[in-house]
There are 2 protein chains.
Amino acid sequence: MNNYKFLIEYDGSRYSGWQRQPEQTTIQGKLENVLGVLCGKETEVIGAGRTDAGVHARGMAANAFLETDCTPEEIRDYLNRYLPDDIAVKEVRQASPRFHARYNAIGKTYRYTCYTGEVRPVFDRKYYWALDEMPDVKLMLQAAELLKGEHDFRNFCVNPRMKKSTVRVVDRIEITCEGGYLYFTFHGTGFLQNMVRIMVGTLLEVGCGRMTPQQVKEVLECPDRKKAGPTAPPQGLCLMSVDYD
Amino acid sequence: MNNYKFLIEYDGSRYSGWQRQPEQTTIQGKLENVLGVLCGKETEVIGAGRTDAGVHARGMAANAFLETDCTPEEIRDYLNRYLPDDIAVKEVRQASPRFHARYNAIGKTYRYTCYTGEVRPVFDRKYYWALDEMPDVKLMLQAAELLKGEHDFRNFCVNPRMKKSTVRVVDRIEITCEGGYLYFTFHGTGFLQNMVRIMVGTLLEVGCGRMTPQQVKEVLECPDRKKAGPTAPPQGLCLMSVDYD
């Protein structure tokens with residue numbers, strides 16, 4: 001029984017998110033089904049984190065203990081042959097028995113894509129959020145500076161569980177424009193549920209003049225009393241990579 | 001009544017091609033329906049050519065005579081508001097009454113995309129043809145040189161109509177590789193039905209060692225006796241642009 005690390009890409013459009021759930025189509029569920037057939041027994045796949053329904057990934061990491069004579073490359077090819085074409089296993093490699101995709105993850109990069117041009121491109125239409133106005137990037141960068149660092153992000157998540165810490169560190173937020181697209185890139189040690197999408201929704205409130213950077217600071221500092229912006233829709237979000245030591 | 005020129009992008013995946021046909025979903029049909037509502041009467045849209053079922057376009061050109069008080073920009077926005085999200089009108093401009101999108105077209109550029117890497121990318125999976133082996137590009141370039149020029153391409157089309165000329169000029173064929181993708185770019189004065197896809201299928205036969213460049217020459221020179229390669233599937237093909245004077 002060896003431990004394997006997986007690097008996975010998926011178009012989340014038609015999935016109820018990463019996490020296996022009864023009666024739902026999920027990415028974890030699809031992977032576990034195919035690996036279960038390969039190994040001839042129930043198999044658990046541990047993801048680096050959960051992505052919400054409709055969210056995509058270019059670099060999700062996961063691990064699983066498998067009893068098989070296949071080489072890592074054969075496991076990869078087997079998975080890609082039987083998985084649907086909106087999930088691809090880019091890499092399989094043997095890992096230390098102690099490797100745990102969630103506990104050992106030390107950072108994650110997410111990218112959120114908006115389109116701000118006049119005519120919406122058709123080929124990547126499932127991978128961006130089309131905005132009706134061009135937000136002020138300079139104002140958003142001011143607000144992003146305030147979001148950076150260690151904060152209690154309780155106001156930037158859904159279902160905060162009172163017993164668990166909602167303190168997280170976001171050490172990089174980049175906002176770039178290119179050919180009608182507006183990209184928000186976030187790097188941090190970890191993110192709460194919906195946290196990236198709420199940060200994007202909040203930054204866009206600032207960019208469109210409906211919130212000031214100062215108000216963002218207040219939301220961070222008074223998580224019990226102030227409200228963050230709305231949650232940006234899932235299709236613009238993509239988990240780009242997961243860092244390990 | 002003014003004549004307008006349209007520049008159109010579409011994902012052809014779910015369409016029975018460009019051309020209006022009874023009981024079929026087509027791009028021309030969708031455009032004519034929306035313009036018909038805008039103008040309050042039946043409207044014909046003339047395309048620069050027909051694309052087959054499943055073929056995409058980034059730069060299809062078309063024209064239509066419209067009776068409307070809208071500006072070209074308002075026509076564009078109206079179309080984009082009511083067209084499905086896999087068709088986008090990138091540009092509308094007023095044209096000379098003599099402009100005819102098909103008769104005045106003097107050249108077209110098509111690109112065919114294959115993927116030759118080991119793991120198929122998911123996000124653009126509807127826009128390439130995945131190959132099982134990496135063809136020999138040098139051999140394909142030799143065969144492409146033979147296809148270039150003025151030839152009777154009767155063997156490179158479906159349904160050649162005997163009364164119509166099947167002579168065409170292909171003045172540019174480029175074959176490039178980039179990050180697992182293999183691109184075939186064709187420029188010519190015009191193309192017969194399925195001609196680009198049959199040229200791609202034939203070049204791949206050469207690249208995979210099942211035909212020699214010399215045999216391609218024979219197919220071109222003896223169109224009555226020799227057979228070209230198979231027709232590459234539609235999803236890899238995209239009409240990139242149409243040239244006018």
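Residues numbered from 1 in each chain as written. Chains lettered and ligands numbered in written order. Predicted model: local features only at pLDDT ≥ 70, side-chain atom pairs only at ≥ 80, totals over all residues. Heavy atoms only, no water.

1. Brief notes about the packing of helix H1 (residues 27-39) of chain A against helix H2 (residues 72-82) of chain A
Residue and element names in this part refer to chain A.
Here is step 1: In the contact formed by H1 and H2, the axes pass within 10 Å of each other and the chain directions differ by 120°. Compared by their axis directions, H1 and H2 come out oblique. Judged by the sense of rotation from one axis to the other, the crossing of H1 with H2 is right-handed. Contact residues: Leu31, Val34, Leu35, Val37 and Leu38 in H1; Ile75, Tyr78, Leu79 and Tyr82 in H2.
Here is step 2: When grouped by side-chain class, the residues that make up the contact of H1 with H2 number nine nonpolar, no polar and no charged. (Axes fitted to C-alpha atoms, helices over the stretch in contact; angles between N-to-C directions. Helix = DSSP H or I, 4+ residues; strand = E, 2+ residues; numbered from the N terminus. Parallel < 35°, antiparallel > 145°, perpendicular 65-115°, else oblique. Left-handed = near helix turned anticlockwise from the far one by under 90°. Contact = heavy atoms within 4.5 Å. Nonpolar A, V, L, I, M, F, W, Y, C, P; charged D, E, K, R; others polar.)

2. Details of helix H5 (residues 213-221) of chain B
Note: α-helices contain 3.6 residues per turn, so residues at a spacing of three or four share the same orientation.
All names here are of chain B.
Here is step 1: If you check which residues of H5 are buried, you get Pro213, Val216, Val219 and Leu220. End-on, the buried residues of H5 take up no more than an arc of 110°, which puts them together on one face.
Here is step 2: Its buried side turned inward, H5 meets helix H3 (137-147), strand E7 (149-152) and helix H4 (195-207). (Buried < 20%, exposed > 50% of the residue type's maximum accessible area, 1.4 Å probe, protein only. Arc of directions from axis to C-beta.)

3. Considerations on the interface of chain A and chain B
Frequently, the measure chosen for interface size is the accessible area removed from exposure when the parts meet.
Here is step 1: Every contact between the two is made by 24 residues of chain A and, on the other side, 24 residues of chain B.
Here is step 2: For the pairing of chain A and chain B, the buried interface totals around 1,800 Å² over both sides, and the portion due to carbon and sulfur atoms is 57%.
Here is step 3: If you sort the residues of chain A by the area they bury against chain B, Val119, Phe123 and Arg125 of chain A come out on top, with a joint share of 39%.
Here is step 4: Where chain A meets chain B, there are six salt bridges.
Here is step 5: Linking chain A with chain B are ten residue pairs in polar contact (both at pLDDT 80 or more). (Buried area = accessible area lost by both parts, 1.4 Å probe. Salt bridge = Lys/Arg side-chain N within 4 Å of Asp/Glu carboxyl O. Polar contact = N/O pair within 3.5 Å; in protein donor to acceptor, adjacent residues only side chain to side chain.)

4. Observations concerning the UniProt feature "binding site: substrate" (unreviewed entry) in chain A
Residue and element names in this part refer to chain A.
Here is step 1: UniProt marks Tyr110 with the feature "binding site: substrate" (unreviewed entry), using the numbering shown here.
Here is step 2: Here tyrosine 110 shows up in strand E5 (residues 107-115).
Here is step 3: Judged by relative accessible area, tyrosine 110 falls into the buried class, the value being 9%. (UniProt positions renumbered as here; feature names shortened; annotations may be inferred.)

5. Here's the deal with H3 of chain B
All names here are of chain B.
Here is step 1: Buried within H3 are the following residues: Val137, Met140, Ala143, Ala144 and Leu147. The buried side chains of H3 occupy one side of the element, clustering within an arc of 120° when seen end-on.
Here is step 2: The elements touched by buried residues of H3 are E7, strand E8 (167-178), strand E9 (181-188), H4 and H5.
Here is step 3: If you check the start of H3, you find a side-chain oxygen 2.9 Å away from the backbone N of lysine 138, and it comes from aspartate 136.
Here is step 4: Of the residues flanking the end of H3, it is glycine 149, one or two places downstream, whose phi is positive at about 105°.

6. Some thoughts on the relation of the copies chain A and chain B
Here is step 1: Of the transformation superimposing chain A on chain B, the axial component is 0.0 Å and the angular component is 180°, with the fit at an RMSD of 0.0 Å. One copy is carried onto the other by what is essentially a two-fold rotation axis. When each C-alpha of chain A is compared by its distance to the rotation axis, aspartate 124 of chain A comes out closest, at 3.9 Å.
Here is step 2: Interface residue correspondence from chain A to chain B reaches 100%, placing this contact among same-surface, isologous pairings. (Least-squares fit on C-alpha atoms with pLDDT ≥ 70 in both.)

7. What to know about the domain arrangement of chain A
Residues and elements named next belong to chain A.
Here is step 1: When its domains are assigned, chain A resolves into domain 1 (2-95) and domain 2 (107-243).
Here is step 2: Of note, the centres of domain 1 and domain 2, computed from C-alpha atoms alone, are 27 Å apart.
Here is step 3: With 16 residues of domain 1 at the interface, the matching set in domain 2 holds 16 residues.
Here is step 4: Each partner contributes to the roughly 1,100 Å² buried at the junction of domain 1 and domain 2, and carbon and sulfur atoms together form 54% of this total.
Here is step 5: Ranking the residues of domain 1 by area buried against domain 2 places Asp52, His56 and Arg58 at the top, with a combined share of 41%.
Here is step 6: Where domain 1 meets domain 2, there are one salt bridge.
Here is step 7: Here domain 1 and domain 2 share ten residue pairs in polar contact (both at pLDDT 80 or more) between them.
Here is step 8: Tallied by class, residues from the side of domain 1 that touches domain 2 come to six nonpolar, six polar and four charged. (Domains from an automatic or database assignment.)

8. Some remarks on the environment of valine 137 of chain A
Residues and elements named next belong to chain A.
Here is step 1: Mapped onto the elements, valine 137 comes out in helix H3 (residues 137-147).
Here is step 2: For valine 137, a relative accessible area of 18% corresponds to the buried category.
Here is step 3: Counting along the chain gives 39 residues from valine 137 to threonine 176, while the straight-line C-alpha distance between them is 8.3 Å.

9. Topic: the pattern of salt bridges
Here is step 1: Applying the stated criterion to the full structure yields 34 salt bridges over all chains.
Here is step 2: Its salt-bridge partner being glutamate 221 of chain A, residue lysine 217 of chain A comes within 3.5 Å of it at the nearest N-O pair. Linking lysine 217 of chain A with glutamate 221 of chain A, this pair stays in helix H5 (residues 213-221), spanning four residues, or about one helical turn.
Here is step 3: Residue classification places lysine 217 of chain A among the partly exposed residues on the basis of a relative accessible area of 32%.
Here is step 4: In this structure, the salt-bridge partner of aspartate 77 of chain B is arginine 76 of chain B, at a minimum N-O distance of 3.0 Å.
Here is step 5: A network of salt bridges, in which partner residues are shared, links Asp11 and Asp85 of chain A together with Arg125 of chain B.

10. Some remarks on the UniProt feature "domain: Pseudouridine synthase I TruA alpha/beta" (unreviewed entry) in chain A
Here is step 1: Sites flagged by UniProt as "domain: Pseudouridine synthase I TruA alpha/beta" (unreviewed entry) map to residues 9-104 and 143-245 of chain A.
Here is step 2: Helix makes up 25% of residues 9-104 of chain A and strand 25%, with an end-to-end C-alpha separation of 20 Å.

11. Points about the environment of cysteine 208 of chain B
Residues and elements named next belong to chain B.
Here is step 1: Of note, cysteine 208 is situated in the loop between H4 and H5.
Here is step 2: On a C-alpha basis, the gap between cysteine 208 and valine 119 in space is 20 Å, while along the polypeptide they are 89 residues apart.
Here is step 3: If near-sequence neighbours (up to four positions away) are discounted, cysteine 208 is found in contact with Glu133 and Pro135.

12. Looking at the pairing of strand E3 (residues 56-66) of chain A
All names here are of chain A.
Here is step 1: Most of E3 is tucked away, with nine of its eleven residues classed as buried.
Here is step 2: By the bridge criterion, eight bridges tie strand E1 (residues 2-10) to E3 in an arrangement that is antiparallel. Bridge assignment links asparagine 2 to a residue of E3, and that residue is leucine 66.
Here is step 3: Looking at chain direction, strand E2 (residues 46-47) and E3 are connected through two bridges and run antiparallel. Residue pairing in the sheet places isoleucine 46 in a bridge with asparagine 63 of E3.
Here is step 4: Bridge analysis of E3 against strand E10 (residues 237-243) gives two bridges, and the strand direction is parallel. By the bridge assignment for E10, histidine 56 is matched with cysteine 238. (Pairing = 2+ DSSP bridges.)

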